[in-house]
Amino acid sequence: MWTESLPFAKRFAHMIKQDKLSNSFRNQPDDRGHFGQFGGRYVAETLMPLILDLEKHYRAAQADPAFAEEFDDLLEHYVGRPSPLYFAERLTDHVRKEAPEGKGAQIWFKRDELNHTGAHKINNCIGQILLAKRMGKTRIIAETGAGQHGVATATVCARFGLPCVIYMGAKDIERQQPNVFRMKLLGAEIVPVTSGAGTLKDAMNDGMRDWVANVEDTFYIIGTAAGPHPYPEMVRDFQSVIGKEAREQMLSRIGRLPDMLVAAIGGGSNAIGLFHPFLDDPDVEMLGIEAAGHGLDKQHAASLAGGKPGILHGNKTYLLQDEDGQIDEAHSISAGLDYPGIGPEHSWLKESGRVRYDSVTDTEALEAFQLLCSTEGIIPALEPSHAIAAVAREAVKMNKDQIILANLCGRGDKDIFTVAEALGTEI
Amino acid sequence: MTRLSKAFPSDRAALVAFVTGGDPSAADTGAILDALVEGGADIIELGMPFTDPMADGPAIQAANIRSLNAGTKTADLLNIATAFRQRHPTVPLVLMGYANPMTIRGADWFADACVDAGVDGVICVDIPVEEDDSLGDSLRAKDVAVIRLATPTTDAARLPDILKNASGFLYYVSVAGITGLQQAAQASIQEAVTRLKAGTDLPVAVGFGVRTPEQAADIAHVADGVVVGSAIVEIIAEHGAGAPPHVKAYVKSLSDAIRSAR
Ligand SMILES: Cc1ncc(COP(=O)(O)O)c(C=O)c1O
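Computed from a prediction, not measured in an experiment: that's the story for all the values here. (Residues numbered from 1 in each chain as written. Chains lettered and ligands numbered in written order. Predicted model: local features only at pLDDT ≥ 70, side-chain atom pairs only at ≥ 80, totals over all residues.)

Q: Which parts of the structure should I look at to understand the interface of chain B and chain A?
A: The accessible area lost on association of the parts is a frequent measure of interface size. The partner chain A presents 27 residues to the 31 residues of chain B that form the contact. Of all the secondary-structure elements, those providing two or more residues to the side of chain B that touches chain A are α3 (58–69), α5 (99–103) and β6 (148–150) of chain B. A per-element tally of the side of chain B that touches chain A places α5 of chain B first, with four residues. The residue inventory of the side of chain B that touches chain A, partitioned by class, reads 15 nonpolar, nine polar and seven charged. (Contact = placed C-beta atoms within 7 Å. Helix = DSSP H or I, 4+ residues; strand = E, 2+ residues; numbered from the N terminus. Nonpolar A, V, L, I, M, F, W, Y, C, P; charged D, E, K, R; others polar.)

Here it is as structure tokens:
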């Protein structure tokens, strides 16, 4: 069982040793796209040949040094990578004031909010548009929640001269106006989705409907590490640049790995991108943070905490649903986390015990948002604000010489209207 | 012979009629199913409502929402099937829907429920052959037909995998797209049916976008079955609980056209 007092490596020693036999935590999925019982390819027959073709092209791209070269080049010169690794000194001091004697870990951030377009989403979009080009596709579609993935997709479409259609829930269009206008400036067509609650899940449904009707020419750039195989694997691979950089930066800056990694989880792409390169480092503990919305006993978006395994959007994974398998509406103040599912690899990492998952409410995220503004001069997006709240909560329990590293996966410009409203301020 | 295999007469195409169970309410569905049979439908496809019907167009999406908003549960759907089987001992009934409501209590549970309700076959939209073990094995073990879909994107290399372990009939989705929007050209349907029939002895039923008696008759010339869904669902949307006579008249027009086609 989970014993707070045991050092992490001891707690997991038995399991990690056992898994050495089956190699590692980093060799998922299997050749059918299954992460244990999760993942897979649950799509209509019309899409199946296309998904097999996509996988074939992805394997060819992985084996082609020119693909990696172009990806790396764009990440460096267009996206602005590597993103900095930053020691948040004043936030650390602030946390230590509230910590017991000798406690209060050093807080570090991976600054993916400094990427072009303001979030980690662009890493994945660069990878997928290069693949789309390789496959000769001439039209791009995507779904978006917060609008960050929509903006990143519209951006790469403008950069590569491809037409772009973005499906976005009507409710999200309302609460993410700045990003809607950005997408329009970038030349994307935005299709408001009114089915369901008009949020990310519904946008994804309409994305799949468009795709099935336009299989010949259209590439669907899925925005998170979910969907039918090979998407969860592919998105993870493209986002793993976050963890690879962080690992190297930690080693070169302070000569050791962090003790704990923290990331917010919508579908789980920024989290898996940070975690994956560290999964076989037994001394690195990992914490994924789901959105607890109004509270886990009320409406929320924490599929691991409040859901059970089921099948949606092409994969088997934890879902918020009723006893008949009808999908529940999620709620989070953060549009990017407002999704009733989670990428299949996280479901597997939860069940294997390698990653711990916890949740943070709307209110806690809002407090953390303001805390980072005032202590570090960084306005974070509401999504990583969930991770920051968890960092403050965990750091006080850790020793002063320990290191906690969180993914600051997006900046908060898009959220200022939502935050103002939540704080009762008019702008 | 099973109810399903008897439903495809040798001298004409069968009419396969789809409605969403529980639309406009679970209490109204029985009379609507009776109207399908009275109008001349040979096989009934009863849609299991789902919150996220990703392969469906606006008409059937709306039907799913109406059904769920009316409070339809899986238990209601199975009760509708059970009652239908009592009223119509010989008319084949097939459940059509999405993976999650079918598998949430376990594939074996669902297979048993199908047997208890007198369901002859299952069409699951989002379980392709690659994931067949999540449902197919359990259904086959209970002699419930696993009805497979073939589409315009199904190539020659995949077809044998799809036909292996398929039973009941083969459903050819004639359009790459969602339900209810456009219809495929007759020539492409004919070409596809010829190709499919070369690989299987199962009857081939063709659907997606069929609306008029003329279209149904055209397909009846070349295929073993004609599937009509959205057009019936739209009549239910318009007339609600008063739909049965309208449904019956419309289905009869399709059935008459099919019967005089060959
Ligand atoms: C800044 C930011 N962080 C996190 C997320 C959640 O997605 P994921 O869990 O895939 O990282 C989003 C989604 O829109 C986002 O914009």
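The discussion continues.
Q: Looking at this structure, I do not really get the sheet that holds strand β8 (residues 218–220) of chain A. What am I missing?
A: Adjacent strands of a sheet form backbone hydrogen bonds with each other and so pair up, either parallel or antiparallel. All names here are of chain A. Within the open sheet, the four strands sit side by side as β7-β6-β5-β8. Their pairing is parallel. Edge strands, defined here as strands with exactly one partner in the open sheet, are β7 (189–193) and β8. The average undirected angle you get between the axes of adjacent strands in this sheet is 25°. (Pairing = 2+ DSSP bridges. Axes fitted to C-alpha atoms, helices over the stretch in contact; angles between N-to-C directions.)

Q: Help me understand the site of the ligand in this model?
A: Residue and element names in this part refer to chain A. What surrounds the ligand is a group of 22 residues, the closest being Q148, G266, S269, G336 and G410. At the level of secondary structure, the elements contributing two or more residues to the shell around the ligand comprise α6 (148–160), α12 (269–275) and α16 (382–395). Here the shell around the ligand takes three residues from α12, the largest share from any one element. Considering only residue class, the shell around the ligand consists of nine nonpolar, 11 polar and two charged. (Near = placed C-beta within 6 Å.)

Q: Please clarify how the sheet that holds strand β9 (residues 225–228) of chain B should be interpreted in this entry.
A: All names here are of chain B. In spatial order, the strands read β5-β4-β3-β2-β1-β9-β8-β7-β6; together these nine strands make up an open sheet with parallel pairing. Two strands bound the open sheet, and with one partner strand each, they are β5 (145–146) and β6. Sitting on the sheet, helix α12 (residues 244–259) touches β1 (14–20) and β9, and the angle it makes with β1 is about 160°.

Q: It is not clear to me how the packing of helix α5 (residues 121–134) of chain A against helix α10 (residues 231–239) of chain A should be interpreted in this structure. Could you clarify?
A: Residue and element names in this part refer to chain A. Contact geometry for α5 and α10: axes closest at 8 Å, N-to-C directions at 115°. In this structure, α5 meets α10 at a crossing whose hand is right-handed. Together, N123, N124 and G127 of α5 and V235, F238 and Q239 of α10 make up the contact between the two elements. In terms of residue class, the contact of α5 with α10 is built from two nonpolar, four polar and no charged. (Left-handed = near helix turned anticlockwise from the far one by under 90°.)

Q: Quick question: what am I supposed to make of helix α9 (residues 186–197) of chain B here?
A: The periodicity of an α-helix, 3.6 residues per turn, causes residues three or four places apart in sequence to face the same way. The terminal C-alpha atoms of α9 of chain B lie 16 Å apart, and with 12 residues this matches the ideal 16 Å at 1.5 Å per residue to within 8%. The secondary structure elements touched by the buried residues of α9 of chain B are β6, β7 (170–173), β8 (204–207) and α10 (213–222) of chain B. (Expected span 1.5 Å × (residues − 1).)

Q: Explain the domain arrangement of chain A here, please?
A: Residues and elements named next belong to chain A. Once the domains are mapped, chain A shows domain 1 (36–77 + 121–235) and domain 2 (80–118 + 237–423). Domain 1 and domain 2 are separated by 23 Å when their C-alpha centres are compared. On the side of domain 2, 42 residues touch domain 1, which itself brings 43 residues to the contact. For the side of domain 1 that touches domain 2, the elements supplying multiple residues, two or more each, are β2 (38–42), α3 (65–79), α5, α6, α7 (170–175), α8 (177–185), α9 (200–213) and α10. Of the residues assigned to the side of domain 1 that touches domain 2, the class counts are 18 nonpolar, 18 polar and seven charged. (Domains from an automatic or database assignment.)

Q: For this particular structure, what's the right way to read the environment of L75 of chain A?
A: Residue and element names in this part refer to chain A. Here L75 shows up in helix α3. When the 22 C-beta atoms within 10 Å are taken as the criterion, L75 is described as buried. Each C-alpha atom of the pair L75 and G255 lies 25 Å from the other, and the pair is 180 residues apart in sequence. Not counting residues within four places of it along the chain, the set of residues in contact with L75 comprises R81, N123, I126 and V241. (Buried ≥ 20, exposed ≤ 12 C-beta atoms within 10 Å, placed from the backbone.)

Q: Would you take a moment to explain the pairing of β2 of chain A for this structure?
A: The side chains of a regular strand alternate, residue by residue, between the two faces of the sheet. Residues and elements named next belong to chain A. Among the five residues in β2, five count as buried, and that is most of the element. Alignment of strand β1 (residues 34–35) against β2, held across two bridges, turns out to be antiparallel. Looking at the pairing, H34 lines up with G39 of β2. Following β1, the chain reverses through two residues before pairing antiparallel with β2; G36 in that reversal takes a positive phi of roughly 60°. Relative to strand β12 (residues 314–319), β2 runs antiparallel, the two being bridged by two bridges. Within β12, the position partnered with G39 by the bridge is K316.

Q: How do you make sense of unusual backbone geometry when you look at a structure like this?
A: Backbone geometry follows two general trends: most residues other than glycine have a negative phi, and most peptide bonds adopt the trans configuration. For the bond running from Q28 of chain A to P29 of chain A, omega is -5°, close enough to zero to count as cis. In this chain, R81 of chain A is followed by P82 of chain A through a cis amide linkage whose omega measures 0°. Structurally, the position occupied by P82 of chain A is in the loop between α3 and β3 (85–87). Not every positive phi belongs to a glycine, and D143 of chain B is a case in point at roughly 60°. Along the polypeptide, D143 of chain B turns up in the loop between α7 (136–141) and β5. Despite not being glycine, F208 of chain B shows a phi value in the positive range, around 95°. Inspection of the secondary structure puts F208 of chain B in the loop between β8 and α10. C-beta crowding within 10 Å serves as the criterion here: with 27 such atoms nearby, F208 of chain B is assigned to the buried category.

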